[in-house]
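# Fold and contact review
Letter by letter, the chains look like this.
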Amino acid sequence: MAGSPESLSGQDVGSFAYLTIKDRTPQILTKVIDTLHRHKNEFFEKHGEEGTEAGKKAISLLSKLRNELQTDKPIVPLVEKFVDTDIWNQYLEYQQSLMKESDGKPRWFHSPWLFVECYMYRRIHEALTQSPPIDDFDVFKELKEQNFFESQESIISLCTYLQELMRTIEELDEDQLKNEFLKFLQISLWGNKCDLSLSAIKDYKFYVSLF
């Protein structure tokens, strides 16, 4: 029986994993840093000088993270104690155990792509956690709301179609039910194209032909 294939990583130049680590993740971090810059007055109004310093600290931590990523530095353990910190660090140790001694430590372009992308978001969370009193600030809120409102046309179309389907669903035969199921499965896949990790680097409107 064949073993599991190797995990996708940034070592595969031109692959989705490579382009994710090389282009998309640094651009996401740049947008996050820009968001913090744009809200510096809000931090001051809410928290005074403490808020200003917290914003600077978060920006500094995220800028350091971006540099680590772009220069393929070793992936470092999480330092801020949180409920999942030990799990993340244990998994990092596991990745280290899979490497040859000559490979050194797990790095951004040499570790499994899914791990390093999730790790990046976890480090964003850590940077905010280390920067009270702005530790509850959602750096993705504006982008999520913008994408939601720009997708209203498709949302209304989908809801209207679903309401009509529920009204007549008991009249459908097995083949028709299968076709409807496949339609909604395809819509779910299209919806994944609007995942912020894909769309955060550019303006993206979820305008597709749904039916």
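Higher on the page you've got the structure.
Here, residues in each chain are numbered from 1, in the same order as that chain's written sequence. Totals for whole chains, interfaces and linings use every residue, but because this is a predicted model, local features are given only for residues with pLDDT of at least 70 and side-chain atom pairs only at 80 or more, for both listing and counting. Side-chain calculation: all heavy atoms of the structure are included, whereas hydrogens and water are not.

## Section: the overall build of the chain
Filter applied, for reference: Here a strand is any run of E in DSSP of at least two residues, a helix any run of H or I of at least four, and the numbering for each starts at the N terminus. When a residue's accessible area, from a 1.4 Å probe over protein chains only, is under 20% of the maximum for its type it is buried; when over 50% it is exposed; and in between it is partly exposed.
Scanning the chain for helices and strands turns up nine helices and zero strands. For the chain, the α and β elements follow one another from N to C terminus as α-α-α-α-α-α-α-α-α. Counting the 211 residues in the chain, one finds 36% classified as buried.

## Observations concerning the environment of Thr71
Heads up, the rule is: The term polar contact refers here to a pair of N or O atoms within 3.5 Å; inside protein, the definition further demands a hydrogen-donor-capable atom paired with an acceptor-capable atom, and it admits residues adjacent in sequence only when both atoms are side-chain atoms.
Along the polypeptide, Thr71 turns up in the loop between α3 (49-70) and α4 (85-97). C-alpha of Thr71 to C-alpha of Lys22: the two residues are 49 residues apart in sequence and 9.7 Å apart in space. A distance of 2.9 Å separates a polar atom in the side chain of Thr71 from a polar atom in the side chain of Lys73.

## Looking at the side chain of Gln95
Convention followed: In what follows, residue pairs with any heavy atoms lying within 4.5 Å of each other are defined as contacts.
By the element assignment, Gln95 lies in helix α4. For Gln95, a relative accessible area of 7% puts it in the buried group. Here Gln95 is in contact with Pro106, Pro112 and Phe115, once residues within four sequence places are set aside.

## Focus on the environment of Glu53
Its place among the elements puts Glu53 in helix α3. You can call Glu53 partly exposed: its relative accessible area is 39%. Along the sequence, Glu53 and Lys40 sit 13 residues apart, while their C-alpha atoms lie 9.3 Å from each other.

## Some points on the side chain of Glu68
The residue Glu68 is located in helix α3 in this model. What makes Glu68 buried here is its relative accessible area of 6%. One polar contact links Glu68 to Lys64, side chain to side chain, over a distance of 2.6 Å. In contact with Glu68, not counting residues within four places along its chain, are Lys73, Val76, Trp108 and Arg123.

## Section: the nonpolar core
What counts here: Residues belong to one nonpolar core when they are buried, are Ala, Val, Leu, Ile, Met, Phe, Trp, Tyr or Cys, and are joined through side-chain atoms within 4.5 Å.
Judged by nonpolar contacts, the single largest core of 31 residues is most densely connected at Leu36, Leu62, Trp108, Met120, Ile124 and Val139. If you list the elements that add at least two residues to this core, you get α1 (16-38), α3, α4 and α5 (113-129). Other than its neighbours up to four places away in sequence, Met120 contacts Thr25, Ile28, Leu29, Leu65, Leu69 and Trp108.

## Looking at the pattern of salt bridges
Counted only if it meets this: By definition, a salt bridge exists where a carboxyl oxygen of Asp or Glu is found within 4 Å of a side-chain nitrogen of Lys or Arg.
Summed over all chains, the structure comprises 14 salt bridges. Three or more residues are tied together by salt bridges with common partners; here these are Asp34, Arg38 and Glu142.

## Notes on the packing of aromatic side chains
This is how the line gets drawn: Between rings of Phe, Tyr and Trp, where Trp is taken as its six-membered ring, a pair exists when centres lie within 6.5 Å; planes separated by under 30 degrees are stacked, by over 60 edge-to-face, and by other angles tilted.
For the structure on display, the rule yields 12 aromatic pairs. Chaining the aromatic ring pairs together yields one cluster made of Trp88, Tyr91, Tyr94, Trp108, Phe115 and Tyr119.

## Quick look at the environment of Phe43
Within the secondary structure, Phe43 is located in helix α2 (residues 40-47). Phe43 sits in the buried class, given a relative accessible area of 3%. Placed 10 residues apart in sequence, Phe43 and Glu53 show a C-alpha to C-alpha distance of 9.1 Å. Setting aside anything within four residues of it in sequence, one finds Phe43 in contact with Leu36, Gly48, Gly51, Thr52, Gly55, Ile134 and Phe137.

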